[in-house]
Amino acid sequence: MTPPALSPLQASEQTAQETSAGISLPFDPLLTLAVIGLGICSALTLKVATAGTIPGDPHYFFKRQIVYLIVGFLAMLGVSRLDYGWLRRFQRPIYALLILSILAVLALGSETLGSTRSISLPGFSFQSSEIGKLLLIVFLSGFVVDRARRLRDRDTTIKVLALALVPTILVFKEPDIGSGLVFIAIALTILFVAGVPWRHIAAILLLGVIALTIVLAVAPALGVHLLQKYEVERLTGFLNPTAHVENKLVYQELQSKIAIGAGRQTGMAGVGSSEFGLVPERETDFIFASLSVARGFVGAAFVLSLYALMIWRGLRILSMAKDLYGSLIAGGVVAMLMFQVFVNVGVTIGILPITGITLPLMSYGGSSVLSTMLAVGLLQSIYLRARSTEAMKGRVLRW
Amino acid sequence: MTGLEPARPPESRVPVSPQMAWRVAVIGTLALVMFGIIFFRLWYLQILTGNHYLAEATSQKLRPLTVAAPRGEILARGGQTLVSSQTTAVVRIVPSKLPESVEGQLLAYGKVVKAVEKRSEPIEEEIKALQARLDGTGVSHTRAQRKQVHRERGELATLKRRLAKASALTVPRLSSSHRRLWSLFQRLGTLLKIRPQKIDEEVIQDVYQTRYAPVVIDSAVGQGPRTVLYERKREFPGVEEGPVATRTYPHGEMAAQVFGYVSAITGEELGSKVLKGVPAGTEVGQDGLELSYDSELRGTPGKKEIEVNPLGEPVGSVAKEVQPKPGYDLKTTIDLPLQIEAEEAFRKEIAAAQGRGRVADGGGFVAMDPLDGAVYAMGSYPSYDPSFFTKPFTPSAYQALTASQPYGVTGGEPLLNRAISGEYPTGSTFKPITAMGALEAGVITPGESFGTGHCVFEAEDKFCNSGHTDYGDRDLVEALEVSSDTYFFEVGQRANARGPVIQKMAHELGIGDRTGIDLPDELKGVVPESKWLRKLNEAEASCTRRKHGKPCGYVAEPGHEWTFGDNMNLAVGQGDLLTNPLQMAVAYSTLVDAYRNDGRGWRPTPHLGMQIDNSNGELVRVLKFPHAKRNVDLNPTYLDYVFEGIHDATVGAEGTSSDVWAGWNQAQHKTYGKTGTAEHLGQTEQAWYMCYIESETRPIVIAVTMEQGGFGDEAAAPIARLIASQWFHQKKKLVTGSSADA
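About the thresholds
- Residues numbered from 1 in each chain as written.
- Chains lettered and ligands numbered in written order.
- Predicted model: local features only at pLDDT ≥ 70, side-chain atom pairs only at ≥ 80, totals over all residues.
- Helix = DSSP H or I, 4+ residues; strand = E, 2+ residues; numbered from the N terminus.
- Buried ≥ 20, exposed ≤ 12 C-beta atoms within 10 Å, placed from the backbone.
- Pairing = 2+ DSSP bridges.
- Axes fitted to C-alpha atoms, helices over the stretch in contact; angles between N-to-C directions.
- Core = buried A, V, L, I, M, F, W, Y, C linked by C-beta atoms within 7 Å.
- Contact = placed C-beta atoms within 7 Å.
- Left-handed = near helix turned anticlockwise from the far one by under 90°.
- Nonpolar A, V, L, I, M, F, W, Y, C, P; charged D, E, K, R; others polar.
- Expected span 1.5 Å × (residues − 1).
- pLDDT = per-residue confidence, 0-100.
- Parallel < 35°, antiparallel > 145°, perpendicular 65-115°, else oblique.

Draft legend 1. View of the overall build of chain B. For chain B, the count of helices and strands is 24 helices and 21 strands. Within chain B, the proportion of its 742 residues that are buried is 47%.

Draft legend 2. Region of the structure containing the overall build of chain A. Tallying secondary structure elements over chain A gives 13 helices and three strands in all. Split into buried and exposed, the 399 residues of chain A put 55% on the buried side.

Draft legend 3. Highlighting the sheet that holds strand β19 (residues 671-678) of chain B. Residues and elements named next belong to chain B. Judged by pairing direction, the sheet is antiparallel, and its five strands sit side by side in the order β12-β11-β21-β20-β19 without closing on themselves. At either end of the open sheet lies a strand with only one pairing partner, and these are β12 (375-381) and β19. Each strand of the sheet is rotated relative to its neighbour by a mean of 5°, with strand direction disregarded. The pairing of β19 with strand β20 (residues 686-693) spans eight bridges and is classified as antiparallel. When the bridges of β20 are listed, T675 appears paired with Y689.

Draft legend 4. Structural view of the pairing of strand β14 (residues 461-464) of chain B. All names here are of chain B. Relative to β14, strand β13 (residues 455-458) runs antiparallel, the two sharing four bridges. Looking at the pairing, V456 lines up with F463 of β14. Where β13 folds back onto β14 in an antiparallel hairpin, the turn is made up of two residues, including A459, whose phi is positive at roughly 50°.

Draft legend 5. Local environment of the nonpolar core. Ranked by size, the top nonpolar core spans 129 residues in total, and within it L140 and I186 of chain A carry the most contacts. Broken down by element, this core gets its largest block of residues, 19 residues, from helix α11 (residues 287-320) of chain A. For L140 of chain A, the contacting residues outside a window of four places in its chain are V160, L163, A164, I186, A187, I190 and G332 of chain A. Of all hydrophobic cores here, the second largest spans 120 residues; its members include I444, I502, L519 and A720 of chain B.

Draft legend 6. Region of the structure containing the packing of helix α5 (residues 128-146) of chain A against helix α12 (residues 324-348) of chain A. Residue and element names in this part refer to chain A. Where α5 contacts α12, the axes come no closer than 9 Å and their chain directions differ by 145°. Two packed elements cross with a definite hand, and for α5 against α12 that hand is right-handed. Note on element contacts: α12 touches α5 through L324, Y325, L328, I329, G332, V333 and M336, opposite K133, I137, V138, L140, S141, G142, V144 and V145. Its residues assigned to classes, the contact of α5 with α12 comprises 11 nonpolar, three polar and one charged.

Draft legend 7. Structural context of helix α5 (residues 179-192) of chain B. Residue and element names in this part refer to chain B. The terminal C-alpha atoms of α5 lie 20 Å apart, and with 14 residues this matches the ideal 20 Å at 1.5 Å per residue to within 8%. Regarding α5, the residues found buried are L181, W182, L184, F185, R187, L188 and L191. Phi for K193, located one or two positions after α5, is positive at around 60°.

Draft legend 8. How the structure looks around the confidence of the model for chain A. Residues and elements named next belong to chain A. When pLDDT is averaged along chain A, the result is 82; 80% of the residues meet or exceed 70. Looking over chain A, one finds the lowest element-wise mean pLDDT in helix α1 (residues 8-20), namely 44, and the highest in α12, namely 95. A low-confidence stretch, residues 1-23 (pLDDT under 50), is modelled with 28 contacts involving residues beyond four sequence positions or located in other chains.

Draft legend 9. Region of interest: the environment of Q503 of chain B. All names here are of chain B. Within the secondary structure layout, Q503 lies in helix α18 (residues 501-509). A residue is classified by how many C-beta atoms lie within 10 Å of it, and Q503, with 23 of them, is buried. Considering only alpha carbons, one finds Q503 and E529, 26 residues apart in sequence, at a separation of 7.0 Å.

Draft legend 10. Summary view of helix α17 (residues 485-497) of chain B. All names here are of chain B. In this model α17 runs 19 Å from its N-terminal to its C-terminal C-alpha over 13 residues, within 8% of the 18 Å that 1.5 Å per residue would give. Of all 13 residues making up α17, 10 are buried, and the element is well covered by its neighbours. Inspection of α17 places D485, T486, Y487, F488, F489, E490, V491, G492, A495 and N496 among the buried residues, and these make up the whole buried set. The inward-facing, buried residues of α17 abut α15 (431-441), β13, β14, α16 (476-482), α18 and α20 (564-571).

Draft legend 11. Structural detail: unusual backbone geometry. Residue and element names in this part refer to chain B. Looking along the chain, the bond that leaves Y381 and enters P382 is cis, with omega of 0°. Here P382 is to be found in the loop between β12 and α13 (395-402). Notably, Q708 is not glycine yet its phi reads approximately 50°, a positive angle. As for its position among the elements, Q708 is in the loop between β21 (700-707) and α24 (712-727). Judged by local crowding, Q708 falls into the buried class, with 22 C-beta atoms found within 10 Å.

Draft legend 12. Structural detail: the environment of I70 of chain A. Mapped onto the elements of the fold, I70 of chain A is located in helix α3 (residues 60-81). Along the backbone, I70 of chain A and I36 of chain A are 34 residues apart, and their C-alpha atoms lie at a distance of 9.8 Å.

Draft legend 13. Quick look at the packing of helix α12 (residues 336-355) of chain B against α24 of chain B. All names here are of chain B. Closest axis-to-axis distance for the α12/α24 pair is 9 Å, and the angle between their directions is 155°. Judged by the angle between their axes, α12 and α24 are roughly antiparallel. In this structure, α12 crosses over α24, and the sense of that crossing is right-handed. Here P337, L338, E341, A342, A345, F346, E349 and A353 of α12 come into contact with α24, specifically with A715, P718, I719, L722, I723, Q726 and W727. Grouping the amino acids of the contact of α12 with α24 by side-chain chemistry returns 12 nonpolar, one polar and two charged.

Draft legend 14. Representation of the environment of V343 of chain A. All names here are of chain A. Note on placement: V343 falls in helix α12. Sequence-wise, V343 and I357 are 14 residues apart; in three dimensions their C-alpha atoms are separated by 7.2 Å. In contact with V343, not counting residues within four places along its chain, are L352, T355 and I357.

Draft legend 15. Layout of the confidence of the model for chain B. All names here are of chain B. Summing up the model confidence of chain B, the mean pLDDT is 84 and the portion of residues at 70 or higher is 89%. This stretch, residues 1-14, has a pLDDT under 50; its non-local contacts, to residues over four places away or in other chains, come to 20 contacts. Both confidence scores are given for the complex: pTM 0.60, ipTM 0.88.

Right, here's the structure in full:
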């Protein structure tokens, strides 16, 4: 597991040679197809769901999202040309950037619905926890690779967890529970893929369950309320939403569920935009509800299939990566995508509590689109490196 | 999701250990399960129970909303727009939707207001008392009296300063626990370039005033901040942006006090009888015509039922709609070209007077139809831009508009309509009234000549002509022409023996009485007489007893009884007389009506309203203003003498305003005019001019006064001449008179 000696430039030259050799496309075609498909679905959904929301600019969200998607796609192509191994040289700067960007938001950020998640820049508000997910993936992967020979040590697991918990606690403070949970999922998955002992994983899960029980059940029973009433409602309200309608977030979830149901088989995109009035946050966290009400079960299933395709390709790239570093990054990206898709869709269909997580590539927003595209770019880079290694060894891999 | 099988031979991939393959399989399975759950749930929601949700989605609750009615316009008699409305983009804060309650800060502010009231009340009372005492002081005083007045004026100024200090309202700071609210104000402030502290103060002050009606934070907001507010709605809870109709004033400061202004209905008004049922947040008239004709202009708000979710947020389209009924337009009697000319003339003359070294910082004018009371033009100086009230403003800016001036300081108080709410002595413009009173009572006869000498000496006081001129003995007509004070002092002295005969005439003509004009805040004024003084003395005495010997200020000299000296001062429009240009215009109009009708004259009710039109410009109703009940029955011969006198004053060789009317076509439109120069202790004189210009079809009475303007023919008469020139389409000429009349 020596760090690669090639510079990114050399790496891209090599890839280009390989392409000209006609062996394969310079990227994973299925993964790319899924990304393009999701981008188109996002744009189309925003177009019908937000038409006329901004006075004087009927296609405001649509137009801006297209720009984000194109910029993101180009960024993805650019990253796929980089040798991901090059990133290992910047372990400390990456972690520092991760922590500092979150601290910057806490210090300078602007508030949204009672939480501070982004820094307002001219014409754009930057949500650092989005790009933070990616930074965490790259950093933890490098950290685990450095300790590859001591993976069975309890020490390694604890250190990885501790390093992941620092940014997690910071984003919890914003409060951005959703991103914090994604951070934890990423850390767990990287540990899991790296091969830490099962008992470590089991112990972590057990600790998590105990902590939750204390916060939600034991502490209140003892008269200590660690969470505000509305926060508890938010966490448990989805189980019986009609009883907690006065809680805004629980109510949003209920509305989203109604809207999705009302979409039925093929949706009502042609009926008129008034149905979108049901959908809260229709361009961001609840875009899946917008999609479902517009295109019905057919549209929702199609988009879900594209996500399944992405995750499958992610896992595939994980297993074909030429080194552990690549596998771990791929594992982290897959964890991020899976967790976000499952939790976001789970919230809109009313089976999970509201956490405020964006749907990768679908939700409107530059930070989210860009960081997802960069993550996919890393997958592409791992894929390319793996393929070129195989090619040099004279082996042909099925994709 | 094939291709994840751990069974696939891993030997081709160097890094993939069997253990890792295993784990990848676990993740893959997790993904499978996850997608399975989602697909099943979606299938359940959309396919199995979709119809149920569709029904639920369409049965949203309805909520009624009020739709503001567009306010009617105020038009000139020719139909030109004087006050209109236009839609502008504003940013408002809806207090009830803010992320944190402002209740605590509001309570604290309420305490501050109470404390300030408590603090400033005694000072205010002291000021009132002192003011009344000073205002009640006539012209002539002994040296000691003059000294006392000067001392009291100094005292008053000190008191006013103390009051200003005591009544400064500061909004208590937002408590540091309201971090979310503060951060919201900060973000909004950055966006709109307003200090967050100011936003908070505005919210608190407005909410305190208007009880949770939306608070306009910024008007005329650009598209940029509006888009940001719209796109990032959830970053700005409780902040709304949208179009709101605001008043526009195409003629700026012109007749601002006459039109008045509108503002959101206050908490106090919400409970009032007049405005019962008017929804909160409605703009209602606060002053001037906007207030007098508020019910006509306001219109009836419409109703809209919109679909809302159980949180009360609008979610869908409009279900039911009752269109608002726009307010009616008010067509006024104001003649726009005349009004414009009058304002311009007034401003020009103010500048000219200031050029002559006068203070000349206030005044008012009225031009009206003497027969039916229609006011053609009315103005007050200084004025203000009424669009001030369409934008958010600071309390200090508002105070600057409304703060009353210390005694002895003219100018200021731009909200005050001096034409109807000024309280002034009139100087010699009062002489025709004195003359009619004295003639009718038989105190004097028209042919009798008297009044020689520069001064009349009575007891320890002396009463002099302006500039100590000696006019010699004059008869009534000549005395009016040259404006001989010594003549009228003697009239006042003689009349005093016969009781309040001048006062009776003044009251009959409408002085010291509200004219009944269709404007709010008209002041009554004072025509002093012995009974009035006695009453004040009694009030002062009982008040002094209550206050254990401290003077209350009802009268300048407690215990001073009415003397002929007071009557002599009144005879020349000085002393305790307090009236305003409109009352004088009504008095002259009544004389004119009597003069034209063999002595029988009606006292007209001055008015600005002419008719009510609907928003399509169709007539709804003609406004009627019947004459005041009282009419006068005067001796036509006496009237002839008086009118001859004031005609000669405009044309005669010695006429006080002959210079000003030089070149006027007397054959076509005969002029009658009287200058006046009211004295105020320690100040430049207040210029007055009253005139009547004859015409078969459109006679006009004009009243002009300028505070600290100097002599009447110098500062006031030229304005009247310009107004008259505009009215009769004669050549406009600014002629400054030169006679030094008192």
